[in-house]
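# Summary of structural features
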Amino acid sequence: MENNKKVVTLVYGCQMSERDAETLTEITRHFGYSPSDDIETADLVIVNTCCVRESAENKILGKIGELKKLKERNLDVKIAITGCMVQQPGALERLQKRAPHVDIWAGTHNLHDFSALLHRVEQGEKVAEVWQEPKATLEITPLAEKGKLHANVNIMYGCDNFCTYCIVPHVRGRERSRRPNEILQEIESLVDSGCREVTLLGQNVNSYGKEFSPAYDFADLLQQVNQIAFLLRIRFITSHPKDLSNKLIETVAEGEKLCEHFHLPIQSGSNFILERMNRKYTREYYLSRVKKIHKLIPNACVTTDIIVGFPGETEEDFEQTLAMMNQVHYSQAFTFMYSKRTGTLAAEMEDQIPLDVKKRRLQKLMSVQNQESLELRQQMIGKMVEVLVEGPSRTNPKRLTGRTRGNDLVVFVGNLETIGSLVNVRINEAGSWTLIGEVE
Ligand code: 5AD
Ligand code: SF4
């Protein structure tokens, strides 16, 4: 087999999308492709897409347009468009009309069957395949690239929550959990190849294993992952607040490798909006969960996702979201303007909010969060934090960089030999997003 072919994989969207892109790249390896960053010399370009907001789709459509020009310059290059955007009902036909230069179209459910598609394309065909349902037997994840310090590991796929704004359940299907042994084996083999930190991925990790008998839940899985030798840290995303159990908080409090970081998307601080979003919790319940976290884990970090301008959101509703930020003190908040997604319930709701109002609310939210983040990080000055050393800092190669247990980025003076291990760093300076310090 020819062995000098190059694949460039572009990823849009969340960590699941990143993980899927790794799977696709891994599959191409079996066809003799090696990963590259140079699109001009690529033999295959894969674009793994996202459709969670219109802004992501617009960016991707722009990229697909650019790839048309690439194809005009180089007729031999193959182009694959995969993932969430393609999986949306009715999307394939629309996209195909718009981009006849694409060689492979595949949805989220048949990514694991990408080798069959690639094989056909290598024979000169153009292929388009989107399965309506996943086939469980094909969801075997090939190993990620060797020697990486951090890896994302899927523990479950899909989502059953149907938040009214969200397209994810429509493109990633119903919730299904991987068997614990399969997950543990994957992590053990990652650790054997040099990995020291894993992030366990699910749209709602707190409902992991709900179909298992005998009962086995996410906290049970964390306890087992915590036993894996040479693994240093375990992270997990995303926690739906409605399912965050005391058992899970207690497990994180006790597990040595379990990072004290909860990504707990609130989406809105108004009970009226939360109900319209079908989030199934109230602001009071959410606050009680945060209180429980801080009671059992005083130094825990809480991060969140917030949407502004959901249909029907009044100034008062928005004020309640701001009030929530002042109460919880998020160390980071990912903030979004509501984006209408065809096929979701919220897209049909009246009282859509005008763009200028959404923009104003987003600006306000971001400035409140910047201030919160700055204050929280400045409180770290003079303290010691545990950092997993990743390597030289990109902005300042004389310094090292790594992350705290709370997932804060730290730039520090240290020793190159500590890359891949845990060190204690004293914090001397802090900005909104970065801590600066030195190894003691
Ligand atoms: N519009 C804006 N933001 C959205 N999100 C999901 N769907 C939409 C939408 N239609 C946000 C939510 C979610 C994050 C991953 O993306 O905040 O938690
Ligand atoms: Fe979307 Fe809600 Fe599922 Fe998260 S929990 S993926 S926001 S439907």
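Residues numbered from 1 in each chain as written. Chains lettered and ligands numbered in written order. Predicted model: local features only at pLDDT ≥ 70, side-chain atom pairs only at ≥ 80, totals over all residues. Heavy atoms only, no water.

## A closer look at the sheet that holds strand β7 (residues 150-154)
Reading across the sheet, the three strands line up as β7-β10-β11 and stay open at both edges, with parallel pairing between neighbours. At either end of the open sheet lies a strand with only one pairing partner, and these are β7 and β11 (233-237). When the angles between neighbouring strand axes are averaged without regard to direction, this sheet yields 25 degrees. Pairing geometry for β7 and strand β10 (residues 197-201), over five bridges, is parallel. Looking across to β10, one finds that H150 is bridged to E197. The strands touched by helix α1 (residues 15-29) within the sheet are β7, β10 and β11, with β7 carrying the most contacts at an inclination of about 100 degrees. (Pairing = 2+ DSSP bridges. Helix = DSSP H or I, 4+ residues; strand = E, 2+ residues; numbered from the N terminus. Axes fitted to C-alpha atoms, helices over the stretch in contact; angles between N-to-C directions. Contact = heavy atoms within 4.5 Å.)

## Remarks on the pairing of strand β18 (residues 422-430)
Summarising the sheet, strand β15 (residues 384-392) and β18 pair through five bridges and their orientation is antiparallel. Opposite M384, over in β18, you have R426 as the bridge partner. One ladder, built from five bridges, connects β18 with strand β19 (residues 434-439); its direction is antiparallel. For R426, the partnering residue across the bridge sits in β19 and is E438. If you look at the hairpin formed by β18 and β19, you'll find three residues sitting between the two strands.

## Some remarks on the site of ligand 2
In the vicinity of ligand 2, the contacting residues are C159, N161, F162, C163, Y165, C166, V168, P169, Q203, H240 and R279. For the shell around ligand 2, a count of residues per class yields seven nonpolar, three polar and one charged. (Near = heavy atom within 4 Å. Nonpolar A, V, L, I, M, F, W, Y, C, P; charged D, E, K, R; others polar.)

## Details of unusual backbone geometry
Cis peptide bonds are those with omega within 30 degrees of zero, and the linkage from S213 to P214 qualifies with 0 degrees. By secondary structure assignment, the location of P214 is in the loop between β10 and α8 (218-225). Positive phi values are uncommon outside glycine, yet F230 reaches one of about 70 degrees. Tracing the backbone shows F230 in the loop between α8 and β11. You will see that N278, though not glycine, has its phi angle at about 65 degrees, which is positive. Following the sequence through the fold, N278 ends up in the loop between α10 (271-276) and α11 (283-296).

## Quick word on the environment of N396
Among the structural elements, N396 can be located in the loop between β15 and β16 (400-403). C-alpha of N396 to C-alpha of F412: the two residues are 16 residues apart in sequence and 9.7 Å apart in space.

## Quick look at α8
Counting buried positions along α8 yields six of eight residues, so the element is predominantly enclosed. Those residues of α8 that sit buried are F218, A219, D220, L221, L222 and V225. Check the buried side of α8 and you find it contacts α7 (180-192), β10, β11 and α9 (246-254). If you check the start of α8, you find a side-chain oxygen 3.1 Å away from the backbone N of A219, and it comes from D217. (Buried < 20%, exposed > 50% of the residue type's maximum accessible area, 1.4 Å probe, protein only. Polar contact = N/O pair within 3.5 Å; in protein donor to acceptor, adjacent residues only side chain to side chain.)

## A few points about the sheet that holds strand β5 (residues 104-106)
Strands sit in the order β2-β1-β3-β4-β5-β6 across an open sheet of six strands; the sheet is parallel. In the strand order of this sheet, the two ends are held by β2 (33-35) and β6 (127-129), each with one partner. Strand-to-strand, the axes of this sheet are offset by a mean angle of 20 degrees, without reference to chain direction. Across five bridges, the pairing between strand β1 (residues 5-11) and strand β3 (residues 44-49) is parallel. Bridged to V7 within β3 is L44. Strands β1, β3 and β4 (78-83) of the sheet are contacted by helix α2 (residues 54-73), whose axis makes an angle of about 170 degrees with β3.

## A closer look at the side chain of S373
Along the chain, the position of S373 falls in helix α13 (residues 355-378). Ignoring sequence-local partners within four residues, the contact set of S373 consists of Y330, S331, S432 and W433.

## Observations regarding the packing of aromatic side chains
A full pass over the atoms with the stated rule returns seven aromatic pairs. An aromatic cluster is present here, built from Y165, F310 and Y338 joined pairwise through their rings. R53 extends its terminal NZ or CZ atom over the ring of F336, reaching a point 3.7 Å from the ring centre. If you follow K135 out to its NZ or CZ, it ends over the ring of W131, 4.2 Å from the centre. (Phe/Tyr/Trp six-rings, centres within 6.5 Å; stacked < 30°, edge-to-face > 60°. Lys NZ or Arg CZ within 6 Å of the ring centre and 35° of its normal.)

## Description of the domain arrangement of the protein chain
Looking at the protein chain, the domain boundaries give domain 1 (5-129), domain 2 (143-259) and domain 3 (384-439). Each of domain 1 and domain 2 has a C-alpha centre, and these two points are 27 Å apart. With 16 residues of domain 1 in contact, the opposing surface of domain 2 contributes 17 residues. Between domain 1 and domain 2 lies a buried interface of about 1,600 Å² when both sides are counted; carbon and sulfur atoms form 53% of it. Note that E22 and K148 form a salt bridge whose closest N and O atoms lie 3.1 Å from each other. Linking domain 1 to domain 2 there are five residue pairs in polar contact (both at pLDDT 80 or more). When residues of the side of domain 1 that touches domain 2 are traced back to their parent elements, those giving at least two are α1 and α3 (84-87). In terms of residues, the side of domain 1 that touches domain 2 owes the most to one element, α1, which gives nine residues. (Domains from an automatic or database assignment. Buried area = accessible area lost by both parts, 1.4 Å probe. Salt bridge = Lys/Arg side-chain N within 4 Å of Asp/Glu carboxyl O.)

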